[in-house]
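Survey of secondary and tertiary structure
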Amino acid sequence: MATNYIRFEKDKKVDWAKWENGNVLPLGTGDLSTKDFLEFVKTNKTKSNSVSYKAKEITLLSPISAPCQIICQGANYKQHLIESGLDPNEKNYNLFFTKSDASITSPMGEVIRPSHVRLLDYEIELGLVFGKSINKPLEINSKNISEYVSALFMANDISARDIQLPQMQWYKGKSYRSFLPAGPILAVLEEGDFSLLENLELTLLVNDRVRQHDTIAGLVYKPEETIQELSRFCDINPGDVLLTGTPSGCALRAPGKLLQKIAAVLPEKKKWELFVKGQLKRSEYLQPGDTIRSSIRTADRRLDLGDQELKVVQEK
């Protein structure tokens, strides 16, 4: 079964720890990068110190450290395709984009809405952490994927839709600082754990109301075929991550078919003005003061990536 680790700060010092039933068991490694920590776990028996802490005694940090490459999949759940105005039966390619590692932030803290952003959206996602370099085309299957993916974590792909779409700036619209809350758990996998992935349930609530809920079984492109395709055009290093897409339930909704036909004949600037105006009517977009809570786990908790709790604040 996967072993759960956290990265934390206490008394202005950063360390890694085992996470067991809410107890923090420090390992005394110091502030290792994700890459170096995975290597440490691989080559050492992670014996905890005699001391232990409760969660309230420490500050949780992201278990994903910069610098790293953040590769993302878009529209990778059937229902999310539909709410994005796409036909799942016509999707014949895997959509990839990237985020800046400057967006990485704590799983317990603040999401900062930039002063010029009005359409702030949430996207719970399962993250995979690579533990082995990829620098040539590979054949990836259920038997060898564990050679390349060492760990799992929970991510929230925060998105400024009024930057991402009207400006066609996916990288910028998804990369502002605090736009990638990650963790708290880094679940380092054991052989056979990949067979449990499809049982993982993703749940995200805003102000205690469920907005997103699905299982990894709903993925259109599974991790094996995704990594195989990535290997044909992308070099990957240990510590790099893959975000596998978000379920339906985001604030973003595609305009109706009639509005899309009308927009198609409008000047580009006018089309996007109408898009933003229409989206602003949706109350689901994040506002300062909103609380986002999310979790990813199997029902039996054999895989459990912990809980995130975030507060949306306005940029000062």
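Residues numbered from 1 in each chain as written. Predicted model: local features only at pLDDT ≥ 70, side-chain atom pairs only at ≥ 80, totals over all residues. Heavy atoms only, no water.

Before going further, it helps to spend a moment on the nonpolar core. One finds Leu126, Leu152 and Ile227 to be the most contacted residues of the largest nonpolar core, which totals 62 residues. Going through the elements one at a time, strand E1 (3-10), strand E11 (124-130), strand E12 (149-156), strand E16 (201-206), helix H5 (223-230), helix H7 (268-279), strand E19 (291-297) and strand E20 (304-314) are the ones with two or more residues in this core. The dominant element in this core, judged by the number of residues it contributes, is E11, at 4 residues. If we ignore the near neighbours within four places in the chain, the residues touching Leu126 are Leu152, Phe153, Leu197, Leu200, Leu202, Ile216, Leu242, Leu243, Thr244, Gly245, Ile296 and Leu305. (Core = buried A, V, L, I, M, F, W, Y, C linked by side-chain atoms within 4.5 Å. Buried < 20%, exposed > 50% of the residue type's maximum accessible area, 1.4 Å probe, protein only. Helix = DSSP H or I, 4+ residues; strand = E, 2+ residues; numbered from the N terminus. Contact = heavy atoms within 4.5 Å.)

Across all of its chains, the model carries 8 aromatic pairs by this definition. A ring pair is formed by Phe8 and Tyr53, whose centres lie 6.2 Å apart and whose planes are at 65 degrees; its orientation type is edge-to-face. Here Phe8, found in strand E1, pairs with Tyr53, found in strand E4 (residues 53-54); they are 45 residues apart in sequence, far enough to count as distant. Owing to a relative accessible area of 3%, Phe8 belongs among the buried residues under this scheme. Taking the relative accessible area as the measure of exposure, Tyr53 reaches 21% and is therefore partly exposed. A connected cluster of aromatic rings, assembled from ring pairs, spans Tyr5, Trp16, Phe37 and Phe40. Sitting over the face of the ring of Tyr53, Lys10 holds its NZ or CZ atom 5.0 Å from the ring centroid. (Phe/Tyr/Trp six-rings, centres within 6.5 Å; stacked < 30°, edge-to-face > 60°. Lys NZ or Arg CZ within 6 Å of the ring centre and 35° of its normal.)

Attention now moves to H7. If you check H7, its first and last C-alpha atoms are 17 Å apart, about what 12 residues at 1.5 Å a residue would give, namely 16 Å. The inward-facing, buried residues of H7 contact helix H3 (161-164). (Expected span 1.5 Å × (residues − 1).)

What follows concerns unusual backbone geometry. That bond from Ala66 to Pro67 is cis: its omega, 5 degrees, falls within 30 degrees of zero. Examined against the element boundaries, Pro67 turns out to sit in the loop between strand E5 (59-61) and strand E6 (70-74). Look at the link from Gly183 to Pro184: it is a cis peptide, with omega at 15 degrees. Here Pro184 lies in the loop between strand E14 (180-181) and strand E15 (186-188). Positive phi, close to 65 degrees, is recorded for Lys12, a residue that is not glycine. Residue position: Lys12 is located in the loop between E1 and strand E2 (13-20). Among the residues examined, Lys12 registers a relative accessible area of 79% and is labelled exposed. Residues other than glycine seldom take positive phi values, yet Ala75 does so here, at roughly 45 degrees.

All right, on to the pattern of salt bridges then. Within this structure, the stated rule accounts for 17 salt bridges. For Arg232, the salt bridge is made with Glu139, and the minimal N-O distance between the two is 3.1 Å. Placement of the pair is Arg232 in the loop between H5 and strand E18 (241-243) and Glu139 in the loop between E11 and E12, with a sequence separation of 93 residues. For Glu139, a relative accessible area of 55% translates into the label exposed. (Salt bridge = Lys/Arg side-chain N within 4 Å of Asp/Glu carboxyl O.)

On the basis of which strands lie adjacent, the open sheet formed by 5 strands has the order E9-E20-E19-E16-E17 and mixed pairing. Strand pairing shows two members of the sheet lacking a second neighbour, strand E9 (108-113) and strand E17 (209-215), which therefore form its edges. Looking at each pair of strands side by side, their axes are set apart by 20 degrees on average, direction ignored. In this sheet, E17 lies alongside E16 in antiparallel orientation, the contact comprising 6 bridges. Bridging from a neighbouring strand, Leu205 pairs with Val210 of E17. (Pairing = 2+ DSSP bridges. Axes fitted to C-alpha atoms, helices over the stretch in contact; angles between N-to-C directions.)

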